[in-house]
Amino acid sequence: MDYLTDLPLYGEAAAASPALLVALIVLVAIAMGFVGAPLLVWTVAAAAALFLLGGSSGLWMALAVVAVVFNVPPIRRLLSSGVMKAMEALRFMPSISETEREAIDAGTVWVEGELFSGKPNFKRMLEQDYPALTEEEQRFLDGPVQELCDMTDDWAVFQRRGLSDSQWDFLKRERFFGMIIPKEYGGLGFGPSANSAVVSKVATCSTVLGITVMVPNSLGPAELLIHYGTEEQKNRYLPRLADGRDLPAFALTEPFAGSDAGAIESTGVIFEKEGELYLRLNWRKRYITLAAVSTVLGLAFKLKDPDNHLGKGEDLGITCALVPTRTQGVRLGKRHDPLGIPFYNCPTEGHDVEVPLEESIIGGTDGAGRGWRMLMESLAAGRGISLPATSTGGVKHVGRVASAHALCRRQFGLSIGKFEGIEEPLARIGGYAYLLEAARRYTNGALATGAKPAVVTAIAKYNFTELARQAINDGMDILGGNAISRGPRNQLAHAYINTPISITVEGANILTRTLMIFGQGAIRCHPYALKEISALDQRDVAAFDRVFWKHIGHVVRNASRSLVLSLTRGWLSPAPVSGPTAKYYRRLSWASATFSFLADLAMGTLGGELKRKEKLTGRFADVFSWMYLSAATLKRFEAEGRREEDLPLVEWSLEYGLREMQLAFDGLFKNMRVPMLSWLFRGPVSAWSRFNPLSNGPRDVVGHRVAASILTPGKQRERLFEGSFVQTDEARGVARMERAMRAVYDAAPLEKKLRAAVKSGKVARSSSTGALLDAAVAAGVMTGQEAQLLQRAEELRNDIVQVDDFTLEDYKKSAVRDAGVLLDASV
């Protein structure tokens, strides 16, 4: 092909510098991968490259064969068939059990699919709902919810070891147990946003109250009946559940079936009695909230039909039924003691309990064997409401308490909030409050449309409870002795004690992080993985062929995007907005491309072994989680009108999230095993990642601004902590701290003026505040009214740093009371 040297575009320069031409071709290939060029374009590009490089006739023949194979579907399927057989022989794709498939199929894919794609459509993500409460819902929050919280003294609840009769009566009368029940059945008909807001507020008043309200409106009889019950079951139970005539509990967990709920051993056997079909139930459950006071028990068990009455075989699988607790054979009446938090958490047993089949199985005969799917679908939604609500409210509550204390508490002559050591945890609490509220409302917006994004709700459950744990630890550190001395004044201790309970329930956090977020997400949210697994299971070559080669193109695209966006720090990725947050959309695109490429690389090299590499899947889950939380933060900023005063909170939240992604990526680069390429990831790639990180975390100056915003009483602080309970009576609880904070803040200019007068000698130093103020008034430094304001501020400051103490007799009474409860529980 000497004639090529005569071409104007080739010439002597190209002939003398083949490396330059090869480099140019490689750059074009990367650019094509970056934009996701289709297969035909790649074929044309390959031909052009071969032409420019002067390829031999043998190379042209090889290209022609490859072009035909990959561009002619009937021929390509022959290759796909061979790939399928190899993957089956190598057990390349993870096997999915029936229960795992039902769990995966129970959920839907929402915006998390965009983040998993490697090329997220941020415009679509910003178009999703970010709902506010309706007027009716807000009235309920400001009325009955506030009244309920005002009548609840959390210390008294703990001393009494439970709620009072008047509180139970109020909960029933105002239909707190029927928030999710439709109005036609006597409930309040609230959606996820209102349910979440109510639970969030009552939980900041009392952990016991929060759990008591939360559970009947979460996974349980009402939720299951609404979606799966027969009309007869709905008409029978829902009105009674709505007004509190019936109290529900749901029994799932057993001694040998915790996180692995599919391992339950409880049984139900179908038999005929007097011409009707009955169930004979036997169970042993534990950790069942409200069981001891329940009148109707939701029960999950394995259904057996030995005589095949239903014509579905002998083993029908997990089934859910409703059992009136007064039925003979039901055993209640005992309680667990979960870390001393006095909510009803109980064991229950059933021995040969007989109930009519049709009216007991949720959904009647059609519901037989469908219990696992019911539970997974309900959890796919419910996991994103209750615990995220209590966690968000908890962080806001900690923020109110810690900031008020930090402003009022003085050491070394200064408010401790002015010390950087206190400022740092305050900034964390403020940033967490902003991003968790963003994700709470964003997630509820999806749930309100009927979506059941199981991976998003798992992300919410795990991350909200973990961040709440960090926030309460920060709050405890800031308050110091005031936090560890229990009594009516202590606003943090009970929340601190309760924290491990949230970590444990509705899927223990270790399991949720390592198995659910990425383990299920890699299959459910990936654009091709589940389709490939299904095609392999069904041995459908045509279906496999349609997705497998698209998957290969998907990997190439994301590899190219990851490389280019890393080199440019995301600047070649478009942002849907302009201004100070545009850079974060670009960095999220960069993170998404890298995450998606590494996820495919891990699945491609580890295959079915990946789900057992839980250290790796945990790191993937961290990246995935923080991409979602960061996207929710950006959504909040846009939905609330791009408030300039919120920019420090936005920047802190996003820089923190990007740093968490960076730490997870660093762990992946160091620990992923890629045949023949592990050295590349552990060496050059890891070094480049540390040199060119997504973020090094929030800047100190940004943390300072966040801390300053929550140390300043006013509209922004109220917006940040909106929804957490503050007593109507300013002499009680958080309201007392808020009152002191406002007084100390308003008196700060007067205090500064007084210090200056003392320093200049106009006012003589004195250890007595009263004498000092009298001298200041006499010297004309301040007016009598100003002196009164400053005196009042000092009194309130002194009041909120006090802690409770007890006489020895009273303390012993409390100890005897607790011991009595423990003794009763052991009988």
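Residues numbered from 1 in each chain as written. Predicted model: local features only at pLDDT ≥ 70, side-chain atom pairs only at ≥ 80, totals over all residues. Heavy atoms only, no water.

1. Digging into the overall build of the chain
Phase 1: Within the chain one finds 35 helices and 9 strands.
Phase 2: Taking 28 Å as the expected radius of gyration for a compact globule of 827 residues, we find that the chain reaches 32 Å, a close match to that expectation.
Phase 3: Within the chain, the fraction of its 827 residues that count as buried is 54%.
Phase 4: The long-range fraction of contacts in the chain, counting pairs at least 24 apart against all pairs at least 6 apart in sequence, stands at 76%. (Helix = DSSP H or I, 4+ residues; strand = E, 2+ residues; numbered from the N terminus. Rg over C-alpha atoms; globule rule 2.2 N^0.38 Å. Buried < 20%, exposed > 50% of the residue type's maximum accessible area, 1.4 Å probe, protein only. Contact = heavy atoms within 4.5 Å.)

2. What to know about the side chain of Asn195
Phase 1: Structurally, Asn195 can be placed in helix H12 (residues 192-205).
Phase 2: Relative accessible area serves as the criterion here: at 2%, Asn195 is assigned to the buried category.
Phase 3: A polar atom in the side chain of Asn195 sits 3.4 Å from the backbone oxygen of Asn217.
Phase 4: Beyond its immediate stretch of four places on either side in the chain, Asn195 contacts Met179, Ile180, Phe190, Asn217 and Ile385. (Polar contact = N/O pair within 3.5 Å; in protein donor to acceptor, adjacent residues only side chain to side chain.)

3. Observations concerning the environment of Asp153
Phase 1: Residue placement: Asp153 occurs in the loop between helix H9 (135-150) and helix H10 (154-160).
Phase 2: The sequence separation of Asp153 and Arg732 amounts to 579 residues, and the corresponding C-alpha distance is 9.3 Å.
Phase 3: If sequence neighbours within four positions are ignored, Asp153 has contacts with Gln167 and Arg732.
Phase 4: In terms of polar contacts, Asp153 uses its side chain to reach the backbone amide nitrogen of Trp155, at 3.0 Å.

4. Some words on a nonpolar patch on the surface
Phase 1: Residues Val68, Val72, Ile75 and Leu78 make up a contiguous nonpolar surface patch of about 330 Å² in total accessible area.
Phase 2: Along the chain, Leu78 turns up in helix H5 (residues 73-89).
Phase 3: A residue is classified by how much of its surface remains accessible, and Leu78, at 65% relative accessible area, is exposed. (Patch = residues over 30% accessible without salt bridge, like charges linked within 9 Å, V, L, I, M, F, W, Y side chains within 5 Å. Areas by Shrake-Rupley, 256 points an atom, 1.4 Å probe, with all protein chains shown as cover. Salt bridge = Lys/Arg side-chain N within 4 Å of Asp/Glu carboxyl O.)

5. Focus on the packing of aromatic side chains
Phase 1: Summed over the entire model, instances satisfying the criterion amount to 28 aromatic pairs.
Phase 2: When the centroid spacing of 5.3 Å and the interplanar angle of 75° are considered together, the rings of Phe140 and Phe190 count as edge-to-face. Pair noted here: Phe140 is in helix H9 and Phe190 is in the loop between helix H11 (165-173) and H12, with a separation of 50 residues, a long-range link. Exposure class is identical for Phe140 and Phe190. Each is buried.
Phase 3: In this structure an aromatic cluster arises from ring pairing among Phe116, Phe518, Phe595, Phe620 and Phe624.
Phase 4: The cationic tip of Arg280 hangs over the ring face of Phe271; the distance from NZ or CZ to the ring centre is 4.0 Å.
Phase 5: Directly above the aromatic system of Tyr344 lies the positively charged group of Arg335, at a separation of 4.2 Å from the ring centroid. (Phe/Tyr/Trp six-rings, centres within 6.5 Å; stacked < 30°, edge-to-face > 60°. Lys NZ or Arg CZ within 6 Å of the ring centre and 35° of its normal.)

6. A look at the pattern of salt bridges
Phase 1: In total, this model carries 44 salt bridges according to the counting rule given.
Phase 2: Residue Arg636 pairs with Glu640 through a salt bridge whose shortest N-O separation is 3.0 Å.
Phase 3: Judged by relative accessible area, Arg636 falls into the buried class, the value being 3%.
Phase 4: It is possible to trace a salt-bridge network through shared partners that takes in Arg441, Arg636, Glu640, Arg643, Glu645, Asp646 and Arg719.

7. A word on the state of the cysteines
Phase 1: Applying the stated criterion to the full structure yields 0 disulfides.
Phase 2: Unpaired in terms of disulfides, Cys346 finds its nearest cysteine sulfur in Cys320, a separation of 19 Å.
Phase 3: The exposure class assigned to Cys346 is buried, which follows from its relative accessible area of 0%. (Disulfide = S-S within 2.5 Å.)

8. A look at the pairing of strand E5 (residues 315-324)
Phase 1: Summarising burial for E5: 8 of the 10 residues are buried, a large majority.
Phase 2: Examined bridge by bridge, strand E4 (residues 296-304) and E5 share 9 bridges and lie antiparallel to one another. Pairing of Ala300 across the sheet is with Cys320, part of E5. (Pairing = 2+ DSSP bridges.)

9. Considerations on H12
Phase 1: With 14 residues, H12 ought to run about 20 Å at 1.5 Å a step, and its terminal C-alpha atoms sit 20 Å apart, in line with that.
Phase 2: Most of H12 is tucked away: 14 of the 14 residues are buried. (Expected span 1.5 Å × (residues − 1).)

10. As for the packing of helix H32 (residues 733-760) against helix H34 (residues 784-800)
Phase 1: Where H32 contacts H34, the axes come no closer than 8 Å and their chain directions differ by 135°. Judged by the inter-axis angle, H32 sits oblique to H34. Seen from above, H32 lies across H34 with left-handed handedness. Counted together, Arg736, Met737, Arg739, Ala740, Ala743, Val744, Ala747, Leu750, Glu751, Lys753 and Leu754 of H32 and Glu786, Leu789, Leu790, Arg792, Ala793, Leu796, Arg797, Asp799 and Ile800 of H34 form the full contact between these two elements. (Axes fitted to C-alpha atoms, helices over the stretch in contact; angles between N-to-C directions. Parallel < 35°, antiparallel > 145°, perpendicular 65-115°, else oblique. Left-handed = near helix turned anticlockwise from the far one by under 90°.)

11. Side note on a positive patch on the surface
Phase 1: Together, Arg77, Lys531, Arg546 and Lys550 make up a positively charged patch on the protein surface.
Phase 2: Considering the arrangement of structural elements, one finds Arg77 in helix H5.
Phase 3: Using a relative accessible area of 33% as the deciding quantity, one classes Arg77 as partly exposed. (Lys, Arg positive; Asp, Glu negative; His and termini not counted. Charge placed at Lys NZ, Arg CZ, Asp CG, Glu CD.)

12. Structural notes on the pairing of strand E3 (residues 276-289)
Phase 1: The sheet contact formed by strand E2 (residues 267-273) and E3 spans 7 bridges and is antiparallel. The residue bridging Glu272 from the neighbouring strand is Leu277, located in E3.
Phase 2: Where E2 folds back on E3, the antiparallel hairpin that results is connected by 2 residues, among which Glu274 adopts a positive phi of roughly 50°.
Phase 3: Looking at chain direction, E3 and strand E7 (residues 345-356) are connected through 9 bridges and run antiparallel. When the sheet's bridge partners are listed, Arg284 is paired in E7 with Glu349.

13. A closer look at the nonpolar core
Among soluble globular proteins, nonpolar side chains are generally buried collectively.
Phase 1: Counting 125 residues, the largest nonpolar core has Leu598, Phe624, Tyr628, Met661 and Phe665 as its most contacted members.
Phase 2: When sequence neighbours within four positions are dropped, the list of residues in contact with Phe624 reads Glu112, Leu115, Phe116, Val455, Ile459, Ile517, Cys525 and Phe595.
Phase 3: Of all hydrophobic cores here, the second largest spans 59 residues; its members include Val157, Leu209, Leu303 and Ala321. (Core = buried A, V, L, I, M, F, W, Y, C linked by side-chain atoms within 4.5 Å.)

14. Quick word on unusual backbone geometry
With the exception of glycine, the majority of residues adopt a negative phi angle, and the majority of peptide bonds are in the trans configuration.
Phase 1: One non-glycine residue, Asp352, lies in the positive phi region at around 50°.
Phase 2: For Asp352, the position within the fold is in strand E7.
Phase 3: On the basis of relative accessibility, which here comes to 47%, the residue Asp352 falls in the partly exposed class.
Phase 4: The backbone of Arg642 sits at a positive phi, close to 50°, despite the residue not being glycine.
Phase 5: Of note, Arg642 is situated in the loop between helix H27 (614-639) and helix H28 (647-671).

15. Points about the confidence of the model for the chain
Phase 1: Per-residue confidence for the chain gives a mean pLDDT of 90; residues scoring 70 or more make up 90%.
Phase 2: Low pLDDT, under 50, characterises residues 1-16; the predicted model gives this stretch 15 contacts beyond four residues in sequence or across chains. (pLDDT = per-residue confidence, 0-100.)

16. Let's talk about the environment of Tyr496
Phase 1: Topologically, Tyr496 is positioned in helix H22 (residues 493-504).
Phase 2: Tyr496 sits 50 residues away from Ala446 along the chain, and the two C-alpha atoms are 30 Å apart.
Phase 3: In this structure, Tyr496 is in contact with Ile472, Asn473 and Met476, ignoring residues within four places of it in sequence.

17. So, the packing of H9 against H12
Phase 1: As a packed pair, H9 and H12 sit with axes 10 Å apart at the nearest point and diverge in direction by 20°. In terms of their interaxial angle, H9 and H12 are classed as roughly parallel. Read as a crossing pair, H9 and H12 show a hand that is right-handed. For the pair H9 and H12, the contacting residues are Glu137, Phe140, Leu141, Val145, Gln146, Leu148 and Cys149 in the first and Ala194, Ala197, Val198, Lys201, Val202 and Cys205 in the second.
Phase 2: Of the residues that constitute the contact of H9 with H12, the class distribution is 10 nonpolar, 1 polar and 2 charged. (Nonpolar A, V, L, I, M, F, W, Y, C, P; charged D, E, K, R; others polar.)

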